[in-house]
Amino acid sequence: MNKLEENRKKRDEIDTSIATLYEQRMDAVKEVLQYKKENNLPILDTKREKDVIEKAKARIKNPEYVAPYEDFVKNMMKNSRDYQQNRRSEERRVGKECR
């Protein structure tokens, strides 16, 4: 196996780990959505998102990766918000159909 193949294999293993962590994160997102629903809270909490981004950036040791990681986190949070909004809309739609 040459160096390129070795690095691709390593990246594939990391991607597998990321997929597992993503599923765990989305399970947590579902729990947060349930709490927000029960407490009549909005999906978007701008202050919380800013705090999350700052904490995320502080975790990155290589300065070269800070900006791309910030984009990654922002996209991940947008994905979570979209998921929550879609679930909330679906729950409302199903609720109306059951009436």
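Predicted, not measured: the structure shown is a model, and the values here were computed from it. (Residues numbered from 1 in each chain as written. Predicted model: local features only at pLDDT ≥ 70, side-chain atom pairs only at ≥ 80, totals over all residues. Heavy atoms only, no water.)

Just checking my understanding: could you explain the overall build of the protein for this structure?
A count of helices and strands for the protein gives three helices and zero strands. In the protein, the succession of α and β elements from N to C terminus is α-α-α. Taking 2.2 N^0.38 as the reference for a compact globule, 99 residues should give roughly 13 Å; the C-alpha atoms of the protein span a radius of gyration of 18 Å, well beyond that estimate. Across its three principal axes, the protein shows a C-alpha extent of roughly 65 × 30 × 15 Å. Within the span of the protein, comprising 99 residues, buried residues form 15% of the whole. (Helix = DSSP H or I, 4+ residues; strand = E, 2+ residues; numbered from the N terminus. Rg over C-alpha atoms; globule rule 2.2 N^0.38 Å. Buried < 20%, exposed > 50% of the residue type's maximum accessible area, 1.4 Å probe, protein only.)

Please clarify how helix H1 (residues 3-38) should be interpreted in this entry.
Over its 36 residues, H1 runs 52 Å from end to end, which matches the ideal 52 Å to within 8%, given 1.5 Å per residue. N-capping of H1 is provided by Asn2, with a side-chain oxygen placed 3.0 Å from the backbone N of Leu4. (Expected span 1.5 Å × (residues − 1). Polar contact = N/O pair within 3.5 Å; in protein donor to acceptor, adjacent residues only side chain to side chain.)

Help me understand the nonpolar core in this model?
One broad rule of soluble globular proteins: the nonpolar side chains tend to lie buried together. Val52, Ile53, Ala56, Val73 and Met77 together form the largest nonpolar core, which totals five residues. At the level of elements, helix H2 (46-59) and helix H3 (66-97) are the ones that each hand at least two residues to this core. Dropping the residues within four chain positions of it, Ile53 is found in contact with Glu70, Val73, Lys74 and Met77. (Core = buried A, V, L, I, M, F, W, Y, C linked by side-chain atoms within 4.5 Å. Contact = heavy atoms within 4.5 Å.)

How do you make sense of the packing of aromatic side chains when you look at a structure like this?
Aromatic ring pairs are reported here in terms of the distance separating the ring centres and the angle at which the planes meet. A complete count under the given rule lists one aromatic pair for this structure. Each ring, one from Tyr69 and one from Phe72, has its centre 5.8 Å from the other, and the planes form 25 degrees; the classification is stacked. With Tyr69 and Phe72 both in helix H3 and three residues apart, the pair spans about one turn of that helix. According to the relative accessible area criterion, Tyr69 is partly exposed, its value standing at 26%. (Phe/Tyr/Trp six-rings, centres within 6.5 Å; stacked < 30°, edge-to-face > 60°.)

Whenever I open this one, the side chain of Glu49 confuses me. Can you help?
Within the secondary structure, Glu49 is located in helix H2. Not counting residues up to four positions away in its chain, the partners in contact with Glu49 are Leu44, Met77 and Arg81.

Just to check I follow, could you spell out the environment of Gln85 for this structure?
Position of Gln85 relative to the elements: it lies in helix H3. The partly exposed category is assigned to Gln85, whose relative accessible area is 37%. For the pair Gln85 and Pro42, spaced 43 residues apart in sequence, the C-alpha to C-alpha distance is 9.8 Å.

Can you walk me through unusual backbone geometry in this structure?
Unlike most non-glycine residues, Asn40 shows phi in positive territory, near 55 degrees. Inspection of the secondary structure assignment puts Asn40 in the loop between H1 and H2. In this structure Asn40 comes out as exposed when scored by relative accessible area, which is 71%.

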